[in-house]
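Fold and contact review
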Amino acid sequence: MTVVLREVKDEELGELAALSAKLWRAAYGELLGEKQIAYMLDKFQSEKAFRGQISSGYRYYYITANGTVIGYTGVCPREGGEFFLSKLYLDPSAQGKGYGQAGLSAVADLAKKAGCDRVTLTVNKGNERAIRAYRRFGFTLTREEKTDIGGGFFMDDFVMEYRLA
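To start, this report covers the structure provided alongside it.

Once that is clear, we can look at the sheet that holds strand β7 (residues 153-163). Read from one edge of the open sheet, 7 strands run β1-β2-β3-β4-β5-β7-β6, paired in mixed fashion. Looking at the sheet topology across the chains shown, the edges are occupied by β1 (4-7) and β6 (140-150). Averaged over all neighbouring strand pairs, the angle between strand axes comes to 35°, with direction disregarded. Two elements, strand β3 (residues 68-77) and strand β4 (residues 82-90), share 7 bridges in a ladder whose sense is antiparallel. When the sheet's bridge partners are listed, G74 is paired in β4 with K87.

Rendered as C-alpha cells:
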C-alpha cells in the first residue's frame, strides 16, 4: 500500500478548503450538528484558516494514491519533540483499504525527519472509526480534553500519542 504526501501549494489552499468541506461533512455529518460543522469549517478548515495555520508552522499535504488525491493531512512540529497531527481525512471511497494506515506511516516518517520522538493528535470521543484506526497503528490514549472553540461549541476529545522508535 503506497501513498504519497504532496505538500499543498499556496495557490491550492482554496481547493484544499473545498476538499476539506466535503470530507468533514462525510466524517462528522452524524456526529456533529450542521451548525457546529459550518462553524468549525470556517474557523479551522477554510482557506483563511489554513493560511493562518501555515504562518504559525503548520504544513498541509494531499494524500495521494496512484496519482489521485484521496485525502489530506495537516501537521505541526512543536517544542519538546512533539509532532502534532492536526488533521488526517480520507475520502469515504478510500476508507477501509489501508490508506489511512499508510498515511499515518507517512506522517510518522515526516515526524522522524523533523527530529521528533512522538506524534500526538486529538480525536473526537465519538469518532469510533478513527479511534480504532489510531489504536491499530499504535497510538495510545494519554488524556481527555474539552476545549471551548467559541460560538457556543466545544471539542470533547481524546488526546493520543504514538512513540517513534
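Moving on, there is more to tell.
Take unusual backbone geometry next. Positive phi values are uncommon outside glycine, yet N66 reaches one of about 55°. If you trace the backbone, N66 turns up in the loop between β2 (59-65) and β3. Residue N66 is classed as exposed on the basis of its relative accessible area, which comes to 76%.

The end-to-end C-alpha distance of helix α4 (residues 99-113), which contains 15 residues, comes to 21 Å, matching closely the 21 Å that a straight helix rising 1.5 Å per residue would cover. Downstream of α4 by one or two residues, G115 has phi in the positive range, about 80°.

One can describe the packing of helix α1 (residues 13-28) onto helix α3 (residues 47-55) by two numbers: an axis separation of 8 Å at closest approach and a directional angle of 115°. Relative to α3, α1 is oriented so that their crossing is right-handed. Taken together, the residues of α3 that come into contact with α1 (itself represented by L13, G14, L16, A17 and S20) are E47, F50, R51 and I54. Counted by class, the contact of α1 with α3 contains 5 nonpolar, 2 polar and 2 charged residues.

Moving on, we come to helix α2 (residues 34-44). When α2 is considered as a whole, its buried residues turn out to be Q36, I37, M40 and L41. Buried residues along α2 cover an arc of 130° about the axis, so they all sit on one side. The outward face of α2, more than 90 degrees from its buried face, is lined by the exposed residues K35 and D42. In this structure, the buried side of α2 is in contact with α1, β6 and β7.

The subject of this paragraph is the pattern of salt bridges. Enumeration over the complete set of coordinates arrives at 14 salt bridges. One salt bridge connects D117 with R118, and the closest N-O pair in it is separated by 2.8 Å. One salt-bridge network, held together by shared partners, links D117, R118, E161 and R163.

Mapped onto the elements, K35 comes out in helix α2. Considering only alpha carbons, one finds K35 and T140, 105 residues apart in sequence, at a separation of 31 Å.

With that settled, consider the packing of aromatic side chains. Applying the stated rule across the entire model yields 10 aromatic pairs. Consider the rings of F137 and Y162, whose centres lie 4.8 Å apart with planes at 50°: the pair is tilted. Of this pair, F137 sits in helix α5 (residues 128-137) while Y162 sits in strand β7, and the two are 25 residues apart along the sequence. A residue is classified by how much of its surface remains accessible, and F137, at 18% relative accessible area, is buried. Members of the aromatic cluster, connected to one another through ring pairs, are W24, Y28, Y72 and Y89. Geometry around F84 places R78 over its ring, the cationic atom sitting 3.9 Å from the centre. Note that K146 overlies the ring of F154, its terminal NZ or CZ placed 5.4 Å from the centroid.

The rules behind the values
Residues numbered from 1 in each chain as written. Predicted model: local features only at pLDDT ≥ 70, side-chain atom pairs only at ≥ 80, totals over all residues. Heavy atoms only, no water. Pairing = 2+ DSSP bridges. Helix = DSSP H or I, 4+ residues; strand = E, 2+ residues; numbered from the N terminus. Axes fitted to C-alpha atoms, helices over the stretch in contact; angles between N-to-C directions. Buried < 20%, exposed > 50% of the residue type's maximum accessible area, 1.4 Å probe, protein only. Expected span 1.5 Å × (residues − 1). Left-handed = near helix turned anticlockwise from the far one by under 90°. Contact = heavy atoms within 4.5 Å. Nonpolar A, V, L, I, M, F, W, Y, C, P; charged D, E, K, R; others polar. Arc of directions from axis to C-beta. Salt bridge = Lys/Arg side-chain N within 4 Å of Asp/Glu carboxyl O. Phe/Tyr/Trp six-rings, centres within 6.5 Å; stacked < 30°, edge-to-face > 60°. Lys NZ or Arg CZ within 6 Å of the ring centre and 35° of its normal.

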